[in-house]
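Secondary and tertiary structure notes
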Amino acid sequence: MVVHSGTADPSAQRVDRLFHALADATRREIVALTLVGEYSVTELAGRFPMSFAAVQKHVAVLADAGLVVKERRGREQRVRGDPDVLREARDLLDRLEALWRGRLDRIAALLDEALPSPDPPSTTPTSTTPTSTTPTGDHR
Amino acid sequence: MPVTDVRKDLDALTMTVTARFEAPPARVWQVWEDPRQLERWWGPPTHPATVVDHDLRPGGVVTYHMTGPEGDKYPGWWRIQAVEAPHRLEFEDGFGAEPGLTTAELPSTLAVVRLVEDGAGTTMTIESRFASPEALRTVLAMGMEEGLRQALGQVDALLAT
């Protein structure tokens, strides 16, 4: 729950823009596309049965709501998702990298041993109750 | 440090890591093929893995759990897609109690492992890719929804004043 006091207008307007932006199927589709890829307005226009100008308007509404970011590059206008969301994608890949680096280090250590050791790993007594969280998931 | 190269492609959602080992492919393959050896490197030292099922054939399943310092258990699974000993292994890699189930924080990935003879040693590459862009989009969209919920919480607060 967000406890919020007083200063009503700016956040009320922000919510209005957000609702308005997401109230349209085409705009929701554009948000989904640009979350994991970058598109020019021309490329986006090629994906929807509407004019370049109409897509451009949709993009402007989304940008107003902070759902996408527009960038002019040369003569092209590029559209990409919220940087926070992109950061999250990058974080996921970083977590994968850290995971595999650790594993490869341990494989190297294992291979350094003269022979695969035949003794079984000493495991603790088990009560197999599965849980559904992951040890790599650092929650905020 | 066995890792010689790491590549991340944010658009294709892939991460490729390359490592070199001072052992021939046939020996390196054993760390995948032998569940007792797999247990010694799959989980981090704080969360060692115990392999339950281990069927390294196309369509086969590997299941395991990692055990944390408090005895907390974290199940995971592989679904094997292709095997060419000792050079290639492809599997879907997920967290969760049953193959196919995943947790929200980390969607399942497809791993392609390649072992290539390299002088007296082996170069192993592991390409890890999110099982579907949709899976990742879902995860990312959930993050966005969280932001939206916070905004809606502000609406509640506004209406209450």
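Description of the structure in this document. Chains are numbered independently. Their residues run from 1 in the order of the written sequence. For this description, chains carry letters from A and ligands carry numbers from 1, given in the order in which they are written. Since the coordinates come from a predicted model, pLDDT governs what is reported: local features require at least 70, and pairs of side-chain atoms require 80 or more to be given and counted, while whole-chain, interface and lining totals use all residues. Remark: hydrogens and water are excluded; side-chain values derive from all non-hydrogen atoms of the structure.

Remarks on the pattern of salt bridges
Two side chains with opposite charge may pair up if their charged atoms get near one another. Salt bridges are defined as contacts in which a side-chain nitrogen from Lys or Arg sits within 4 Å of a carboxyl oxygen from Asp or Glu. Per the counting criterion, the structure on display carries 19 salt bridges over all chains. A salt bridge links B:Lys8 to A:Asp94, with the shortest nitrogen-to-oxygen separation between them at 2.6 Å. Taken as a pair, B:Lys8 in strand β1 (residues 3–9) and A:Asp94 in helix α5 (residues 83–112) lie in two separate chains rather than in one. For the salt bridge of B:Arg20 with B:Glu22, the shortest nitrogen-to-oxygen distance reads 2.7 Å. Secondary structure elements are defined from DSSP: runs of H or I of at least 4 residues count as helices, runs of E of at least 2 residues count as strands, and each element is numbered from the N terminus.

Some points on the sheet that holds strand β2 (residues 68–73) of chain A
Hydrogen bonds between backbone groups are what pair the strands of a sheet, and the pairing can be parallel or antiparallel. Residues and elements named next belong to chain A. Taken together, three strands build an open sheet; the order of strands is β1-β3-β2 and the sheet is antiparallel. Of all the strands in the sheet, the pair left with one neighbour each is β1 (39–40) and β2. DSSP calls a pair of strands paired once it identifies at least 2 bridges connecting them. In this sheet, strand β3 (residues 76–81) lies alongside β2 in antiparallel orientation, the contact comprising six bridges. Bridge pairing in β3 links Lys70 to Val79. Packed on one face of the sheet, helix α2 (residues 25–36) meets β1, β2 and β3 and runs near 90° to β3. The contact criterion used is simple: two residues touch if any of their non-hydrogen atoms lie within 4.5 Å. An axis is simply a line fitted to the C-alpha atoms; with a helix, the fit covers only the stretch in contact. Between two such axes, the angle follows the N-to-C directions and lies from 0 to 180 degrees.

Comments concerning the side chain of B:Gln37
With respect to the secondary-structure elements, B:Gln37 resides in helix α2 (residues 35–38). Under this definition, polar contacts are N or O atom pairs within 3.5 Å; protein pairs additionally need one hydrogen-donor-capable and one acceptor-capable atom, and for neighbouring residues in sequence, both atoms have to be side-chain atoms. At a separation of 2.9 Å, a polar atom in the side chain of B:Gln37 contacts the side chain of B:Arg27.

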